[in-house]
Every structure is written in structure tokens, then in C-alpha cells.
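# Fold and geometry: a report
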Amino acid sequence: MVQNKLPSKADIIKGNRRAIAKAITLLESTRPESFEHGQVLLESLLPLAGKALRIGITGVPGVGKSTFIEAIGLFLIKQGHRVAVLAVDPSSQLTGGSIMGDKTRMNELAQHPDAFIRPSPSSGILGGVARKTRETMLICEAAGYDVVIVETVGVGQSETMVDSMVDLFLLLMLPNAGDELQGLKKGVLELADLVVVNKSDGKQESLAKTAQSEYSKALHLLPSSKNSWTPQILRCSALEKRGMDKIWEAAKSFRETLRNSGEWEKQRRKQTGKWMWSLVEEGLLLKFRNHPNLQKQISELEKAVESGNMLPTTAATKLLDSWQTHSK
Amino acid sequence: MSKSKSKTKTPSSPTLKDWEKQASRELKGKATSSIHWKTPEEIEIKPLYTAEDLEKLGYTETLSGFSPFTRGPRATMYAGRPWTIRQYAGFSTAEESNSFYRKNLAAGQKGLSVAFDLATHRGYDSDHKRVVGDVGKAGVAIDSVEDMKILFDQIPLDQMSVSMTMNGAVLPILAAYVVAAEEQGVIQEQLSGTIQNDILKEFMVRNTYIYPPAASMRIVGDIIEHTSAHMPRYNSVSISGYHIQEAGATAVQELAFTLGNGLEYVRTAINRGMTIDSFAPRLSFFFGVGMNFYMEIAKLRAARFLWANLIKQFNPKKEQSAMLRTHCQTSGWSLTEQDPFNNIVRTTIEALAATLGGTQSLHTNAFDEALGLPTETSARIALNTQLILQEEAGIPHVVDPFGGSYFMESLTSSLIKEATKLLDEIEKLGGMTKAVESGTPKQRIEAAAARRQALIDHGEEVIVGVNKYQVENAEPVEVREIDNSAVRNAQIRRLKKIKKNRDSNKVDTALNAISNAAENGEGNLLDLSIEAIRLRATVGEISAAMEKIWGRYNAPIHSISGVYANSFPDQKEIKQVRDEIKDFAKKAGRRPRIMVAKMGQDGHDRGAKVIATAFADLGFDVDIAPLFQTPEEVVKQAIENDVHVIGISSQAAGHKTLIKLLIEVLKKENSEDIVVVAGGVIPPQDYDFLKDLGVSCIFGPGTPIPGAAREVLVAIANKV
């Protein structure tokens, strides 16, 4: 039957949508056999990947991330680019599956033949969000998407993770300056290569202008440790699809600057190192959790900790000790 | 009042305490609180109400015809003139609908109510590629004034009040009505009737909007302005709770959100410099009436009281400005596919509630509407239901017969209290436009719908013939079949003819004037649309002239989670399904993934949203597709997300055309391994047709979701 056929390297390179989608499913699979197939395929595609500009986008809920991605995505396609959008959602529910409505918020982009949008379910995954996103990104690049946008949902830990896999980190802001800086996790602003004040339209336009200058001041106070690029503060209206050209200009000049200084390659190589480590961490955790000799103890200690009969530190030490004994 | 009562009491007459004792004996020792009933509104209903309850409320008597109109807007109500029987109908071509209208008028119907097809609602001409499955299906196809003239052929528009359910393409449709009348020799001053023109609830529940909220509100304002100046007998907005109830809202939510929307329209007009008395008497309302009998009666009474009080802040001089007049329709959602003749009884009870509540006009649904479009017979029975209430049962002789009832006045008062709380919340958010933008009203309605679905699926809430007293082999019911492509071809021919015979330069000028007015915010768009319609511009062209400036809007879709599973009374059943899904995920390497989609221009998404949230609660990964998709778009997204299943929700009879296309596209894309299931209003006689196409499961109204989820799992397993 059709479904059991594995996606082929040739089809992915040709940009066959079905093949790309099936390959991503393999990478996401919790079935060892499928996962293995995915890794083999990925390895064969690696030489073809790496040519895209990788953009991470974040911002507080309600800032208009999806509307922005729709606007910039359509703009880029008009410029002749092909755009892939991936969503990272590290939050996980206890029971139940995920509801993914990403495409409803990027309706026009979702319909476009030069766009590929893949929302990934978050629940039931043991870590691994970063790995899957990174690998999905590579598949998309091999399939010829030359701009890959990684959207993070929510503000927090996910930013650092996304920053470790993209070239350019874009922070989207609301036009009411003061309140928002308060709400932002410390450090997120420091990651940003571009800060874009969205909703610069109608009555909010003047607010947005004020915010732009406020953010400029705030940003000057921060130590620019990331690279030689000076972060820029821009304004746009994703709703009215205005300001995309300037943002793209800035992105290109960012790439230019970093390429000229040699930091572009350095950053990517550094990211590869992080990639290795995240694979190690994930692999260790998986092996630990699934270790046959630990199963009984894990569930016992879990219960003991949850009922308050044992300190978490004690339980963790015990588990790690047994792990060490068993893996000798 | 209480004084006179206690005087007449003899020492031996029983007290409330005596009753408590007696009642407790009958309950074998249990307290009477054990038989209190909690409504979906969380209002607690006691088994017995007495004068004491009214005393506690500080109840004072009012009279019909006087503010706050709780007992009715007119002094004599139906005793003077019964409610208007106004059946909502329309299908296929203008010719067919016209002949249907004329038959009904001859049979005793008093006013007309036009149902338009979804292509027209969304401002597309019948030749547009996005409406292949929609033309002529859930209403009549109107592309130009020529269609409108045929629709009202031999119906004198100076004498007939016409209600038009139109919210998206309000401008070209109202314009076409005005021009059709004009060419009959009837001037605007003579026209009486209503246009729904209630865009806020579209953003909340029904989704037949075209433009973004701000632009849409401008259109509402332009229409109020034009009608108050030129059409004194015409209702400019019909503020609708009906669709809010149909989407799953409780009576409290329906009241608060509807009246809140009303307030927003009032403010829009006042901000334009109009005085309250120049337009408020021409605002009318439209409520849904479901099976919660007492509640529905109380709701209409409460609505009148609340509106009269809300309007006070604008200092009206005319009594009529604060007088809520309403149309009602029996609930379509309460109709069942199973054992459908029961629906005649349901509709009768709902109609009775609407009239006891004091509606000004009423539509009664045909019993076969959970299966498809009504036939001539079912439409006649629906109409007769009202005639029997009016002419056999003697309902009209007394005004507000429940007035003064201990229970009804208490219930009315509870509703007023709860709705006021919610209205205050809305005001705090900055009014309904803001609230709608935030998405909260819609999410609350969806939570109420999910909660209710869980209770029904588990049998806690009984629906006869669906989750209790089912029959094995109910006799099949005949439904009306519309040859969708024949209607479309006929419309396309007429469009071609119109475009050939008109002065296209003049049309272009008129359309440009509309675009300019949309862009610079000046001029009245209805005036300009009337001009363009006279020159034979089409509904689609006029809509496009504004779309060019404002774009076509897509309301953001929010989803809820956890409500369905947590409301399900039997957690064991939930766990069982979850375990099955876990097993599946273990074997397949991921959870089963389903894309819930709607195709065509039908925006009724209660079914789709309830399915999405419940399936996710049970353990599916659920993708929600945007509304108004073509089959090609659905397939593209399903492939991209690599789903196991596409679940199509269909309420508007487009399934035969659109699901057929969907499966063809799947084949073309080499993706027949994706399972297709369908649900919604699908006539049972179409089941075989769909199954032959390759649809794996079909879920009619009333299918319990946990069972459906299992069936879908099996269907996936069978494909792999």
C-alpha cells in the first residue's frame, strides 16, 4: 500500500510535499524502526541542507506572531523565495492530544504552493522538541525552501532553544512599550538580532513610534555580546502587511555583516556542537527512562516523592546510583 | 398583595413548612433540595414557588404595552392581532423560490423571509471558483437585481413585509431589493421588512462575514443612516441571538451577547450624530427558542426588560425606542436525524414557548431539517403548527398568560440578574466589539457546547430517539434534492447575459465610486450600491469593489481543551478510549492525527469545534483547518501535516459535490491512504453514495463522540 512506502530522497529533493511530510513524520516517530529510517534519510540529505536563512520568531501571546509570519511569508514568496514555517511548542499536556490551529491563523500563506507549514504536536514527547525541529528544518532545506521560519509559542525557555538553531532571532513587540519590557523574560531581549514593533497601524501608530524609540534606548543599555551586529528596532503592521520590505532589508544586511566578519560560519558551527549535546542529553534521558532494570524503581520512587515520603534529591541520587551500577 | 393573601388564609391552611414535611415524606425522607434542578445556566430551580418568592424579589406588577415591556411590547398583544407567521425559506433558483413563496402565501403565511445561498452571503457570484458546492444549496442564489426581480415576481412589495437574512453581502442585497421594488413601481418609503445586518454575531458564531470588523461596522452604520432617512417602515438591524444559541450558548449567554451587540449598534449610530429616537424604534431582535420550555419563555420576557433598561442611558423621548420587538425561530439544533417525526413535537413545544414569551413573529422549522432541505409536505406541517396554535388552541386570546406566576417571575428575575452580570463584564472589556476581538465570548459559547455534548453523549441529558428510546428501523424520510450544478449553470448563463447587455463603462464608474468611498471613509455605501445595482452591477462585483480596499477577513480561531473530558460524567469510558489511543500511538509511533475541516462557504462551525476539542481530549492530535476551504486546499494541508484522517463537517448540503471533489483530489495527489470521515447534516439516503466514493464513516447528528473516536481508529487501522 501507498502508506507503507518510505519517502525517497529523490522525491524530497524534487520538493514533493507528501514525501517531505512523511519524512518529518519519521523524524517525529517514537517507533524505533521509523525513527531509524528517518535518521538514514536525514543523513543522505544533509549535504543538500544548510542553504536557507533560518529565522526564529518570538513574542508574547497576542503580539501577532502568526499574522506577522503570514505577512512576511507572502512578501518573501513574492520576492521569489520558498518559505517553510515550523512551530515549536515545548509545553506539554498530561493527557489528550494537541489542537493545532496554526493554519487558520496563516490562511493565505497556508494555501500558497511555495509555502510549507508544519505544526507539530507537543504532547507525549519526552524532550526532543529541539532535535525534531532542527531535523525538520534540514529536511525543508534539502527540499529547496530557502527561508525557514521557526515560531516559538509562549515566552520562556523555548527562546534559548530556538536561538541555538537559527541564524537570525527576531523579537516581535507590542506598541505599548513600558508594560511589555516588564513581561519579557530577562535575556530574551539580549538574544534578539531584530526587534520589530508590530501593530503600527491606525490609532496605535503613534504608540508604536514611541515604543520604537523606547526600545532603542533600552537596547543601548544592554551589552551586545552576541556578535558584531548592532540589533535594529523596526516597526511594521502585519495586519496591513506594511513594513516587510524594511525588515527583509535588515535581515539581508545582518547576513551580509556576519558573513563578512566570519561570524556566520562560526555561529553555525557552534550550533552544531550544541546539536550534538542536545542529542546526547536526549539519548541519555531516553535510555535512562526506558532502562529495563530501572522501571520498577522509577515508579516506586516517583510515588514516594509525590506522596511526600521522600525528598526529590534523595530519590534522584538513588536513581542515578542504580543507573550507574546497571550500565557498567 | 401578600397582606390580602394572609387575610384570606384560615388558621388551618397549610404553610410552606407543612409542604416541606409532606414533600419529604413523598421523597422517602430526602430533603426537597434533592429534587432541585440546575439548568445549564447554573440557575437552581425549586419544585415549588410561592408568593414568598415574589415578595423576596420585590416584585411589582407591570402592564403590557408599557415600559419596561416585560409583559409584551403591545397592550393587546395577540388578542388584538396574532403574531406574524413568517417562514424562512429559499433554495435553488429565484424562480423556484418564488413559486414556493407564492404557494405558502396562499396557504396562510403572512410575511416572507428569504434564505440566501452561502455564495451570496459571502459576496461571491455563482460563477466564482470557490462556491462550486454552495450555489443554490442552503438558500436561493442571487447574483443581480434580475434574480431579485424574479424572486419577488407577482409579490407586491408595497404590501408584503420581507425579512432578509443577510449579514455579509448586506449592501448589494439590500440595494437589489430596493431596485427590484423600484422597478415594480414601489418607492423606498413604502418598503417594510427587516435586513439582519448583525455582523458582530457573525464574527462570534456564524462566520458569514466578508470584511474586517471595523469596515463591517461602517457598513452597518451606513445602512442605519440610509434606512432611517429613506425607509421609515424598514428595520435596519435584526440583532440576533438565534445563532448564538444554535452555537451552544446558554440562555444567559444568548441574552447578554445579543443585547451587548445591540448596544454596540446603538453606539455606532449615535457616534455618527444620529439621535436615539431616529433609529432605535427600527432595531429589531431575533431569538432562538429551544427545548428548555420555561427558560425560553422567561428569556423573551427578560430580554424586553433588559433592553428597556439599557436604552434608558441614551435618554429616548419615544417609548418605541426602548421597546424590544422580536422575531423567533424554533431551534434547528434540537432537531434529530434519528426518528425524525419526533421533531414535529419538538417544534410545537418550542413554538408554544415563543408565543407564550410574546414573540412578534415566528418561524417554525420543518421536521426533516436535520436531514436536508424541507419538502413541500414538511414545510406545510411546519406552517400548520403555527396555524393550529393560533386558530385551534386559543393561545392568542390572553396577553402574557404567565405574568405574575410565582415561578415565571422568579425565573425571569434570575435570568435578568445573571445576564446583567455578564453584560457588565462585557462593558468592562470595552463593549462587544472589543470582547469579540478578544475571542472570549466565542470560547465561552464553545465551552458551553462541549459541556452539553459530554452530558448528551453520556445520556445525562436525554434526547428521545437519540440516546434513549431509540428505534431500530425508523421509516426513511424523503428529503428535497437540489441539483446544485444545474442551478449553477443556469445562474452562470444569466450572469453572462446581464454582463453582455449593460453599459460596462457606467458599471465600472459606479464600482470605482464604491471602492473610493470604502477607501476614504466618505459617502454612504448603500446609496452607492443602489446606484451600481441599477446599472446591473452584480453582487460579486460590488463585494469585490470593497474587498479590493479592505481585504477578505479571516477571524482568528481559538480552541478550548479539557472541557469535554472533564464534563463527561463517566471518566471510565474516557479512560478506555484514551488507553486505546495510547496503544495505537505505541504501535504507530505517534498519536492518531485528524484534520477537522469545512469546505465551501458554510461557516457553521459548532460541530467542527466540538469534535476538535473532544477528539483532542480523548488523545487525538487535531489540526483545525481554516474555514471556507476548497477541496484542493484541504488536501494540501492534510498532506503537509501528514494526518491519518480528514474529518469533514457539513451542515449546508454541499457534501455530495465537495466530498466527491475531495476524494478525487486525494487520488490525484496519490494520497488515498488518508481516511475520510464525514459528519453533520447529511441525509441518510446519501450515505451509500458517500461510502461508494470511499468515505469510511459518516456520523449523523447525535453520534456520541467516544464511539465515533473508536470507529475512526478502526478505520485508520483498516487502511494501513
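Residues numbered from 1 in each chain as written. Chains lettered and ligands numbered in written order. Predicted model: local features only at pLDDT ≥ 70, side-chain atom pairs only at ≥ 80, totals over all residues. Heavy atoms only, no water.

On to the overall build of chain B, then. Counting its secondary structure elements, chain B contains 30 helices and 16 strands. Computed over the C-alpha atoms, the radius of gyration of chain B is 26 Å, within 12% of the 27 Å expected from 2.2 N^0.38 for a compact globule of 720 residues. Considering only C-alpha atoms, chain B reaches an extent of 90 × 70 × 50 Å along its principal axes. Looking at chain B as a whole, 60% of its 720 residues are labelled buried. Intrachain contacts of chain B at a sequence separation of at least 6 include 79% that bridge at least 24 residues. When the accessible surface of chain B is split by element, carbon and sulfur atoms take 52% of a total near 28,000 Å². Looking at chain B, you have 83 positive and 88 negative side-chain charges, and the mean spots of the two groups are 4 Å apart. (Helix = DSSP H or I, 4+ residues; strand = E, 2+ residues; numbered from the N terminus. Rg over C-alpha atoms; globule rule 2.2 N^0.38 Å. Buried < 20%, exposed > 50% of the residue type's maximum accessible area, 1.4 Å probe, protein only. Contact = heavy atoms within 4.5 Å. Areas by Shrake-Rupley, 256 points an atom, 1.4 Å probe, with all protein chains shown as cover. Lys, Arg positive; Asp, Glu negative; His and termini not counted. Charge placed at Lys NZ, Arg CZ, Asp CG, Glu CD.)

Here we come to the pattern of salt bridges. Residues and elements named next belong to chain B. Summed over all chains, the structure comprises 53 salt bridges over all chains. Salt-bridge contacts for E296 lead to K299; the nearest nitrogen and oxygen are separated by 2.6 Å. Of the two residues, E296 and K299 are both situated in helix α14 (residues 293–312); the distance of three residues between them amounts to about one turn of the helix. A relative accessible area of 4% places E296 in the buried class. With relative accessibility at 0%, the residue K299 sits in the buried group. Ionic pairing is found between D602 and K598, a salt bridge with its closest N-O pair at 3.1 Å. K598 shares its class with D602; the two are buried. (Salt bridge = Lys/Arg side-chain N within 4 Å of Asp/Glu carboxyl O.)

All names here are of chain A. We note that the domain assignment places domain 1 (1–46), domain 2 (49–261) and domain 3 (273–326) within chain A. Taken together, the contact pairs 16 residues of domain 1 with 16 residues of domain 2. Taken together, the two surfaces of domain 1 and domain 2 that pack against each other cover about 1,600 Å², and 61% of this comes from carbon and sulfur. In this structure, the salt-bridge partner of R118 is E28, at a minimum N-O distance of 3.5 Å. Where domain 1 touches domain 2, the interface holds nine residue pairs in polar contact (both at pLDDT 80 or more). Looking at the side of domain 1 that touches domain 2, the elements that each hand over two or more residues are α1 (9–13), α2 (17–28) and α3 (32–45). For the side of domain 1 that touches domain 2, a count of residues per class yields 11 nonpolar, three polar and two charged. (Domains from an automatic or database assignment. Buried area = accessible area lost by both parts, 1.4 Å probe. Polar contact = N/O pair within 3.5 Å; in protein donor to acceptor, adjacent residues only side chain to side chain. Nonpolar A, V, L, I, M, F, W, Y, C, P; charged D, E, K, R; others polar.)

Further remarks concern the interface of chain B and chain A. Each partner contributes residues to the interface: chain B has 42 residues there, and chain A has 37 residues. The junction of chain B with chain A conceals about 3,200 Å² of combined surface from both sides, 47% of it contributed by carbon and sulfur atoms. Its largest share of buried area at the contact with chain A, chain B owes to K636, E640 and D673 of chain B, together 20% of the area lost on that side. Our count for the chain B to chain A interface comes out at five salt bridges. Between K103 of chain A and E640 of chain B there is a salt bridge; the shortest N-O distance is 2.7 Å. There are 21 residue pairs in polar contact (both at pLDDT 80 or more) connecting chain B and chain A. For the side of chain B that touches chain A, a count of residues per class yields 13 nonpolar, 12 polar and 17 charged. For strand β3 (residues 99–100) of chain A and strand β13 (residues 621–624) of chain B, the ladder comprises two bridges, and the chain directions are parallel. Bridge pairing in β13 of chain B links M100 of chain A to D623 of chain B. (Pairing = 2+ DSSP bridges.)

Bringing the sheet that holds strand β5 (residues 147–152) of chain A into the picture now. All names here are of chain A. Strand order in the open sheet made by the seven strands is β4-β2-β5-β1-β6-β7-β8, with parallel pairing throughout. With partners counted over all chains shown, the strands left at the sheet margins are β4 (115–119) and β8 (232–235), one partner each. Neighbour-to-neighbour, the strand axes of this sheet turn through a mean angle of 20°, independent of strand direction. (Axes fitted to C-alpha atoms, helices over the stretch in contact; angles between N-to-C directions.)

Before going further, it helps to examine unusual backbone geometry. All names here are of chain B. The amide bond that connects S67 to the next residue, P68, takes the cis arrangement and shows omega of 5°. Considering the arrangement of structural elements, one finds P68 in the loop between α3 (51–57) and α4 (77–80). Notably, E42 is not glycine yet its phi reads approximately 70°, a positive angle. At N670, a position not held by glycine, the phi torsion is positive, near 65°. Within the element layout of this structure, N670 appears in the loop between α28 (655–668) and β15 (675–680).

What follows covers the packing of helix α14 (residues 295–306) of chain A against helix α15 (residues 312–326) of chain A. When two helices pack together, their arrangement is given by the angle between the helix axes and the distance between those axes. All names here are of chain A. At their nearest, the axes of α14 and α15 sit 9 Å apart, and the two run at 170° to each other. Between α14 and α15, the crossing angle belongs to the class labelled roughly antiparallel. Taking contact as the criterion, the partners of Q297, I298, L301 and V305 in α14 are, on α15, P312, A315, K318, L319 and S322. Of the residues contributing to the contact of α14 with α15, the split by class is six nonpolar, two polar and one charged. (Parallel < 35°, antiparallel > 145°, perpendicular 65-115°, else oblique.)

Looking now at the packing of α14 of chain B against helix α17 (residues 406–429) of chain B. Residues and elements named next belong to chain B. α17 packs onto α14 with a crossing angle of 55° between their chain directions and a minimal axis gap of 8 Å. With respect to their mutual orientation, α14 and α17 come out oblique. The handedness of the crossing between α14 and α17 is right-handed. From α14, Y294, M295, I297, A298, K299, R301, A302, F305, L306 and L310 reach across to α17, where they touch F407, M408, E409, L411, T412, L415, I416, A419, T420 and L423. Per-class residue counts for the contact of α14 with α17 are 15 nonpolar, two polar and three charged. (Left-handed = near helix turned anticlockwise from the far one by under 90°.)

Let's shift gears to the packing of aromatic side chains. Residue and element names in this part refer to chain B. Under the criterion given, the structure shown has 21 aromatic pairs over all chains. Ring centres of F91 and F100 lie 5.3 Å apart, and the angle between their planes is 80°; on these two criteria the pair is classed as edge-to-face. On the basis of relative accessible area, F91 is assigned to the buried category, the value being 6%. Classification of F100 by relative accessible area gives buried; the value is 7%. Through a chain of ring-to-ring contacts, the aromatic side chains of Y49, F293, Y294 and F407 assemble into a single cluster. The ring of Y49 is capped by K46, whose NZ or CZ atom sits 4.9 Å from the centre of that ring. (Phe/Tyr/Trp six-rings, centres within 6.5 Å; stacked < 30°, edge-to-face > 60°. Lys NZ or Arg CZ within 6 Å of the ring centre and 35° of its normal.)

Right, let's talk about the nonpolar core for a bit. Residues and elements named next belong to chain B. F279, W307, L415 and F620 are the most contacted members of the largest nonpolar core, which totals 119 residues. It is α14 that provides the largest number of residues to this core, a total of 11 residues. By size, the runner-up hydrophobic cluster in this structure holds 68 residues, among which are L112, I223, V487 and M546. (Core = buried A, V, L, I, M, F, W, Y, C linked by side-chain atoms within 4.5 Å.)

Residue and element names in this part refer to chain B. In this model helix α25 (residues 571–588) runs 25 Å from its N-terminal to its C-terminal C-alpha over 18 residues, within 8% of the 26 Å that 1.5 Å per residue would give. Residues I574, V577, R578, I581, F584 and A585 constitute the buried set of α25. One side of α25 holds all its buried residues, which, seen down the axis, span an arc of 115°. Facing away from the buried surface of α25 by more than 90 degrees, the exposed residues are K572, K582, K586 and K587. (Expected span 1.5 Å × (residues − 1). Arc of directions from axis to C-beta.)

This paragraph deals with the side chain of D605 of chain B. Residue and element names in this part refer to chain B. By the element assignment, D605 lies in the loop between β12 (593–597) and α26 (606–618). Residue D605 is classed as buried on the basis of its relative accessible area, which comes to 6%. Sequence-distant contacts of D605, that is, excluding residues within four places in its chain, are made with V205, N207, K442, K598 and L627.

With that settled, the discussion passes to a nonpolar patch on the surface. Residues and elements named next belong to chain A. On the surface, a nonpolar cluster with roughly 410 Å² of combined accessible area is contributed by M276, W277, V280 and L284. Checked against the element boundaries, L284 lands in helix α13 (residues 263–290). The exposure class of L284 is partly exposed, given its relative accessible area of 48%. (Patch = residues over 30% accessible without salt bridge, like charges linked within 9 Å, V, L, I, M, F, W, Y side chains within 5 Å.)

Turning next to the confidence of the model for chain B. Mean pLDDT over chain B works out to 93, with 98% of the residues at or above the 70 mark. Counted against residues more than four places away or in other chains, residues 1–6 of chain B, with its pLDDT under 50, gives four contacts. (pLDDT = per-residue confidence, 0-100.)

Moving on, we get to a positive patch on the surface. All names here are of chain A. A contiguous patch of positive charge, built from K266, R269, K270 and K274, is present on the exposed surface. Among the structural elements, K274 can be located in helix α13. Taking the relative accessible area as the measure of exposure, K274 reaches 46% and is therefore partly exposed.

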